[in-house]
Protein chains: 2
Amino acid sequence: MTEPTLDIVAIGNAIVDVIAQAEEEFVAAEGVTKGSMRLMDEETSDSLYSRMGPGREISGGSAANTVAGMAAMGASCGFIGQVADDQLGEVFAHDICANGVIFNTPARSGQPSTARCLILVTPDGQRTMNTFLGASQFLPEAAIDRALIASAKILYLEGYLWDPEEPRAAMKAAIEIAHKAGRKVAFTLSDAFCISRHRGDFLTLLDSKAVDILFANEVELLSLTEMDDFDAALEKVAAKVPTLVVTRGAHGAVAVQEGEHARVSAEPIERIVDTTGAGDLFAAGFLAGQVQGRSLEDSLHMGAIAAAEIISHYGARPEAKLDELIKARLG
Amino acid sequence: MTEPTLDIVAIGNAIVDVIAQAEEEFVAAEGVTKGSMRLMDEETSDSLYSRMGPGREISGGSAANTVAGMAAMGASCGFIGQVADDQLGEVFAHDICANGVIFNTPARSGQPSTARCLILVTPDGQRTMNTFLGASQFLPEAAIDRALIASAKILYLEGYLWDPEEPRAAMKAAIEIAHKAGRKVAFTLSDAFCISRHRGDFLTLLDSKAVDILFANEVELLSLTEMDDFDAALEKVAAKVPTLVVTRGAHGAVAVQEGEHARVSAEPIERIVDTTGAGDLFAAGFLAGQVQGRSLEDSLHMGAIAAAEIISHYGARPEAKLDELIKARLG
């Protein structure tokens, strides 16, 4: 087997976020669970857009945010995802490349348009996501760059992309490519509702040893195991996967790696502006630490620092120089 | 003459800003004067875009920012400007309508695309603007909503729109409509380089009494008069226009209205993030104060409060509730 030349390649939804402030009442009236992600068709998306406040368009997508964050911490990264050949597709492609991430999935002609996620941010900083998957759901297995995947230490996959059929097949193929090349596979469970749609598949992935590093938040861990005791759920899932990382919001995060346990507190921040991307950037910090050969605890700490930066401003792509932040804190 | 039903109608460039952080060296290497606005064709814009950092797309346009800000302070506003029928055109239209501004200029089919302004924000918070006018430069006189203009107390025009030929003709027609309806005309000089391109026209506008309220910053005032003494330039221009408002950055602002002088200090802020829109929002605060019947000094104060809010975050559209900020400060 050849030595990897990249740190990570991610496959994920290629999405432009449209981030707007919203009152609690507006989110409640939409009938959506605050803090969750729901899928919608273009018509419903257009209807919500016409009612929501003025937006900022900032490139997003869970796994894309993670590799953009890792690149900002010095990791060498690639991304695979499907945009349409429209203005928002150009925005997505520009931004991820400007972040230093290799991205060469060809844009898709015609309808539907590039995916967008209408994000309602309430005054508490909580984000509620309303996603029109658009072109993103048509990522074909043929668009998977096999050489790119085989060249990276880690293949990173987002649970969200399990919803549409074509990318799900593409991700399964990618897992096989990565493992055949002797690489690790990291997977994020993404969202509790996403788990409720795919619990069986996700458990099969874990039981078949398809996943080497699993990311979840507390709610997702409990949803996956259908348990209500955090510690018991942690141990149950930790037995299925070599590395498990679970974020607990303001209560920090915990990791279990081959029996070793580590914990970290949340980083103190002045004000939570927008929690969009908090989990994505936690994963970015943790994985950047792991590929740098740092300890489990230091990797968690890097996750906490990156997550704290992202929730202090609108959008899920870093504004501060994450590498300098990390260096100042951890050396 | 009928009573006005709107506070203000603005005619301006309909632009989506693409805001990116940039190092001082990057701006210097572009050969552009930091803090200025330069016009560029689509090819040059695309080339700069490919080299600049990841962006946030936030609706902009000088006069559009002003009416969006005024709407956030409770004024009833309209906007006239030309977008293309593309995704960024939809973004512009959505955002200004979501700000509560009446906007019904039909989108223009085909090329060029909606105007975009590539804004490089250096670590000092200063913005350097690189504008591709796109569809915006084709605002035809026929698109001017005469009834809308006649219905507003104030017609607000941006100097930037003097560059392209069709909107210039449209603005001249609009001035005539407004004055015939007994309304006031406000004008912002926009930019020192813009003045150097149109000094003769701008002085003719003032000498022909086409302008009732003139906005400038210190550099623009000196450029217009080709003088180097601020106080002398202030008095010279104040003699030509019923109301003159001049902003002086960190040194506050001064207004002269029918011989009455007023001054205000800049509002203290924690950190200047991005100065984009500072002048636009100062004008918004001042005009909102004037249509509320506030004193000259209070109107200046409202300008300073609105400008301070806009430079504390990325983008030239308000994030905080300006009406509440004003109420807390001025009652």
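Residues numbered from 1 in each chain as written. Chains lettered and ligands numbered in written order. Predicted model: local features only at pLDDT ≥ 70, side-chain atom pairs only at ≥ 80, totals over all residues.

Asker: Please clarify how the relation of the copies chain A and chain B should be interpreted in this entry.
Answerer: The second copy of the chain is related to the first by a rotation about an axis and a shift along the axis. Note on the identical chains: chain A maps onto chain B by a rotation of 180° and an axial translation of 0.0 Å, with an RMSD of 0.0 Å. Within this description, the copies of the chain are treated as partners about a two-fold rotation axis. For chain A, the residue whose C-alpha comes nearest the rotation axis is E57(A), separated from it by 2.4 Å. Taken together, the interface assignments show that 100% of the residues at the interface of chain A recur at the interface of chain B, consistent with an identical surface on both copies. (Least-squares fit on C-alpha atoms with pLDDT ≥ 70 in both. Contact = placed C-beta atoms within 7 Å.)

Asker: Please explain the nonpolar core as it appears in this structure.
Answerer: Soluble globular proteins: nonpolar side chains tend toward being buried together. Counting 120 residues, the largest nonpolar core has I8(A), V67(A), M70(A), L155(A) and L287(A) as the members making the most contacts within it. Ignoring any residue separated from it by four or fewer positions in sequence, one finds L155(A) in contact with V9(A), I149(A), A174(A), I175(A), A178(A), R183(A), V185(A) and A186(A). Ranked by size, the runner-up nonpolar core spans 119 residues in total, among them C77(B), L224(B), A307(B) and L322(B). (Core = buried A, V, L, I, M, F, W, Y, C linked by C-beta atoms within 7 Å. Buried ≥ 20, exposed ≤ 12 C-beta atoms within 10 Å, placed from the backbone.)

Asker: Hey, could you run me through the sheet that holds strand β6 (residues 102-103) of chain A in this one?
Answerer: Backbone-to-backbone hydrogen bonds pair the strands of a sheet. The strands run either parallel or antiparallel. All names here are of chain A. In space, the nine strands of this open sheet follow the order β6-β5-β1-β9-β10-β11-β12-β13-β14, with mixed pairing throughout. In the strand order of this sheet, the two ends are held by β6 and β14 (260-264), each with one partner. Where strand β11 (residues 213-217) and strand β12 (residues 243-247) come together, five bridges link them in parallel fashion. If you follow A216 over to β12, its bridge partner there is V246. Contacts between helix α11 (residues 296-310) and the sheet are confined to β13 (253-257) and β14, with β14 contributing the most and set at about 30° to the helix. (Pairing = 2+ DSSP bridges. Helix = DSSP H or I, 4+ residues; strand = E, 2+ residues; numbered from the N terminus. Axes fitted to C-alpha atoms, helices over the stretch in contact; angles between N-to-C directions.)

Asker: I keep staring at unusual backbone geometry and nothing clicks. Help me out?
Answerer: It is generally the case that most residues other than glycine have a negative phi and that most peptide bonds are trans. P112(A) follows Q111(A) through a cis peptide bond whose omega is -5°. Relative to the helices and strands, P112(A) is located in the loop between β6 and β7 (115-121). The backbone of E226(A) shows a phi angle near 55°, a positive value even though the residue is not glycine. Along the chain, E226(A) turns up in the loop between α8 (218-225) and α9 (230-238). For E258(B), which is not a glycine, the phi torsion comes out positive at approximately 50°. By secondary structure assignment, the location of E258(B) is in the loop between β13 (253-257) and β14 (260-264). Given 8 C-beta atoms within a 10 Å radius, E258(B) is considered exposed.

Asker: How should the interface of chain A and chain B be read in this particular structure?
Answerer: With 19 residues of chain A at the contact, the number on the chain B side is 19 residues. Elements with a minimum of two residues in the side of chain A that touches chain B: β4 (56-59) and α4 (87-98) of chain A. For the side of chain A that touches chain B, the leading source of residues is α4(A), giving six residues. Tallied by class, residues from the side of chain A that touches chain B come to seven nonpolar, seven polar and five charged. (Nonpolar A, V, L, I, M, F, W, Y, C, P; charged D, E, K, R; others polar.)

Asker: Looking at this model, I keep getting lost on the sheet that holds β7(A). Mind explaining?
Answerer: Taken together, the ten strands give an open sheet; going across it, the order is β3(A)-β8(A)-β7(A)-β2(A)-β4(A)-β4(B)-β2(B)-β7(B)-β8(B)-β3(B), and neighbouring strands pair in mixed fashion. For this open sheet the edge positions go to β3 (37-39) of chain A together with β3 (37-39) of chain B, each flanked by a neighbour on one side alone. Averaged over all adjacent pairs, the angle separating strand axes in this sheet is 25°, with direction ignored. Relative to strand β7 (residues 115-121) of chain B, strand β2 (residues 15-21) of chain B runs parallel, the two sharing seven bridges. By the bridge assignment, V18(B) is partnered in β7(B) with L118(B).

Asker: Mind showing me how you'd approach helix α10 (residues 278-291) of chain B here?
Answerer: An α-helix turns once per 3.6 residues; consequently, residues spaced three or four apart project the same way. Here α10(B) is 14 residues long and its end C-alpha atoms lie 20 Å apart, about the 20 Å a rise of 1.5 Å per residue gives. Just downstream of α10(B) lies G293(B), where phi reads positive at about 75°. (Expected span 1.5 Å × (residues − 1).)

Asker: What is the right way to look at the packing of helix α3 (residues 62-72) of chain A against helix α10 (residues 278-291) of chain A in this model?
Answerer: Packed helix pairs are specified by the crossing angle of their axes together with the interaxial distance, meaning the distance between the axes. Residues and elements named next belong to chain A. One way to put it is that α3 packs onto α10 with a least axis distance of 8 Å and a crossing angle of 45°. By the angle between their directions, the pair α3 and α10 is classed as oblique. Where α3 crosses over α10, the handedness of that crossing is right-handed. Contacts between α3 and α10 involve S62, N65, T66, G69 and M70 from the former and D280, L281, A283, A284, L287 and A288 from the latter. A breakdown of the residues in the contact of α3 with α10 according to their chemical character gives six nonpolar, four polar and one charged. (Parallel < 35°, antiparallel > 145°, perpendicular 65-115°, else oblique. Left-handed = near helix turned anticlockwise from the far one by under 90°.)

Asker: Just to check I follow, could you spell out the environment of S62(A) for this structure?
Answerer: Residue and element names in this part refer to chain A. By the element assignment, S62 lies in helix α3. For S62, a count of 28 C-beta atoms within 10 Å gives the class buried. Taking the C-alpha atoms as reference points, S62 and A283, separated by 221 residues in sequence, lie 10.0 Å from one another. Excluding anything up to four places from it in sequence, S62 contacts G12, N13, E158, Y160, T188, S190 and D280.

Asker: Sorry if this is basic, but what is going on with the pairing of strand β9 (residues 152-158) of chain B here?
Answerer: Strand residues, when the strand is regular, have side chains that alternate between the two faces of the sheet. All names here are of chain B. The element β9 is largely enclosed, with a buried count of seven among its seven residues. Relative to β9, strand β1 (residues 6-11) runs parallel, the two sharing five bridges. Within the sheet, the bridge partner assigned to V9 lies in β9 and is L155. With five bridges connecting them, β9 and strand β10 (residues 184-188) associate as parallel partners. Counted as the bridge partner of I154 is K184 from β10. This β-α-β element, β9 to helix α6 (residues 165-180) to β10, shows right-handed connectivity. (Right-handed = clockwise from strand over helix to strand, strands pointing away.)

Asker: I'm lost on the pairing of strand β5 (residues 77-80) of chain B in this one. Help?
Answerer: Residues and elements named next belong to chain B. The two faces of β5 match: C77 and F79 on one face and G78 and I80 on the other face are all buried. For β1 and β5, the ladder comprises four bridges, and the chain directions are parallel. Considered in β5, the bridge of I8 is made with C77. As defined by bridge partners, β5 adjoins strand β6 (residues 102-103) across two bridges and the pair is classed as parallel. Across the sheet, the residue bridging to G78 is I102, located in β6. One crossover worth recording links β5 to the parallel β6 by way of helix α4 (residues 87-98), and it is right-handed.

Asker: Would you mind showing me how to read the confidence of the model for chain A here?
Answerer: Parts of the prediction with low pLDDT should not have their coordinates interpreted in detail. The pLDDT averaged across chain A works out to 97; a share of 100% of its residues lies at or above 70. Across the whole predicted complex the pTM is 0.96, and at the interface the ipTM reaches 0.94. (pLDDT = per-residue confidence, 0-100.)

Asker: Whenever I open this one, helix α7 (residues 192-207) of chain A confuses me. Can you help?
Answerer: Residues and elements named next belong to chain A. Between the first and last C-alpha of α7 there are merely 19 Å, a value that for 16 residues lags more than 12% behind the 22 Å anticipated at 1.5 Å per step. Maximal helix bending in α7 amounts to about 85°, located at H198. Looking at the buried residues of α7, the elements they touch are β3, β10 (184-188) and α8. Backbone geometry just downstream of α7 places K209 in the positive-phi region, at approximately 60°. (Bend = angle between axes of the 7 residues up to and from the residue.)

Asker: Help me out: how do you make sense of the packing of α11(A) against helix α12 (residues 322-330) of chain A in this one?
Answerer: Residue and element names in this part refer to chain A. Relative to each other, α11 and α12 sit at 130°, their axes nearing to 10 Å. By the criterion of interaxial angle, the relationship of α11 to α12 is oblique. In the crossing of α11 with α12, the sense of the turn from one axis to the other is right-handed. Across the interface between the two elements, D298, H301, M302, I305, A306 and E309 of α11 pack against L322, L325, I326, R329 and L330 of α12.

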